[in-house]
Amino acid sequence: MAIFPIRTFGDPVLSVRTKPVECFDAPLRRLAEDMLETMYDAPGVGLAAPQIGVSKRICVFDAGDGPQVLVNPVLVETSGDWEYQEGCLSVPGHYWNINRPAFARAVGQDLDGDPVEFAGDELLGRVLQHEIDHLEGHLLLTRLGGDTRKEALRILRSKAFRAPE
């Protein structure tokens, strides 16, 4: 397995919608294994393919129930409301209170191309939404409101921002 460098704010791959996975084969399994290894090493609870420079619609996560892989996910249901301090491996060292639905349900495929569904409240729901945002080309900064977003972008664009080594 390999640990990949995580792409950070400003990298163009993070702002592009990913392409659907069409081939469910050994290289896809290897990609998922490498993504999980990279996520755990970071450490994080989720990682989407664009975060390692791959424009494919696949993400991995572990919200406390062990490692999971979700290919070609679609968010099909959300409900409730939950404000939580959220961070991102692609914006290291920064956290913001972000309001998202408390519950989320996503459908997609597993590594064999078979249908799979994940649903959960709070952390799992947030992880699903966050990783699918990455696959759509959105960083968590798009979830920030007006002045908070402006200040976050100012900090991140300044020379003062340095991703931790």
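Whatever comes next refers back to the structure up there.
Summary of the structure given here.

## Regarding the nonpolar core
Grouped together as the largest cluster of nonpolar side chains are 14 residues, with contacts concentrated most on Leu31, Met35, Leu47, Ile58, Val60 and Val69. Sorting the residues of this core by element identifies helix H1 (26–41), strand S2 (58–61) and strand S3 (68–79) as the ones contributing at least two each. The dominant element in this core, judged by the number of residues it contributes, is H1, at six residues. When neighbours within four sequence positions are excluded, Leu31 is seen to be in contact with Ile52, Val54, Lys56 and Ile58. Core analysis: the second largest hydrophobic core is formed by 13 residues, Val91, Trp96, Leu140 and Leu153 among them.

## So, the sheet that holds strand S6 (residues 103–109)
One open sheet accounts for five strands, arranged S1-S2-S3-S6-S7; its pairing is antiparallel. Strands with a single pairing partner mark the edges of an open sheet, and in this sheet they are strand S1 (46–48) and strand S7 (115–121). Each strand axis lies, on average, 35° off the axis of its neighbour in the sheet, ignoring direction. Across four bridges, S2 lies against S3 in antiparallel orientation. From the neighbouring strand, Cys59 faces S3, where its bridge partner is Leu70. Docked against the sheet, helix H2 (residues 122–135) engages S1, S2, S3, S6 and S7, running at close to 125° with respect to S7.

## As for the side chain of Gln51
Counting through the fold element by element, Gln51 comes out in the loop between S1 and S2. We classify Gln51 as buried; its relative accessible area is 1%. Looking at Gln51, its side chain comes within polar contact range of the side chain of His134, at 3.5 Å. If we skip the residues at most four places from it in the chain, Gln51 touches Pro5, Ile6, Arg7, Leu14, Gly46, Cys88, Leu89, Ser90, Glu131 and His134.

## Points about unusual backbone geometry
Following Ala42, the chain continues to Pro43 via a peptide bond in cis, the omega torsion being -15°. Positive phi is not limited to glycine here, since Asn72 has a value of about 50°. Note that Asn72 resides in strand S3. Under the relative-accessibility criterion, Asn72 is labelled buried at 14%. Despite not being glycine, Glu122 has its phi angle at roughly 50°, a positive value. Position of Glu122 relative to the elements: it lies in helix H2.

## Digging into the pairing of S7
Where S6 lies against S7, seven bridges are found, and the strand directions are antiparallel. Within the sheet, the bridge partner assigned to Val107 lies in S7 and is Glu117. Count of turn residues in the S6/S7 antiparallel hairpin: five residues, of which Gly113 carries a positive phi of about 90°.

## What about the environment of His138?
Mapped onto the elements, His138 comes out in the loop between H2 and helix H3 (146–157). Here the alpha-carbon distance between His138 and Phe9, two residues 129 residues apart in the chain, equals 11 Å. Once residues lying within four places of it in the same chain are set aside, the contact partners of His138 are Leu14 and Asp133.

About the cut-offs
Residues numbered from 1 in each chain as written. Predicted model: local features only at pLDDT ≥ 70, side-chain atom pairs only at ≥ 80, totals over all residues. Heavy atoms only, no water. Core = buried A, V, L, I, M, F, W, Y, C linked by side-chain atoms within 4.5 Å. Buried < 20%, exposed > 50% of the residue type's maximum accessible area, 1.4 Å probe, protein only. Helix = DSSP H or I, 4+ residues; strand = E, 2+ residues; numbered from the N terminus. Contact = heavy atoms within 4.5 Å. Pairing = 2+ DSSP bridges. Axes fitted to C-alpha atoms, helices over the stretch in contact; angles between N-to-C directions. Polar contact = N/O pair within 3.5 Å; in protein donor to acceptor, adjacent residues only side chain to side chain.

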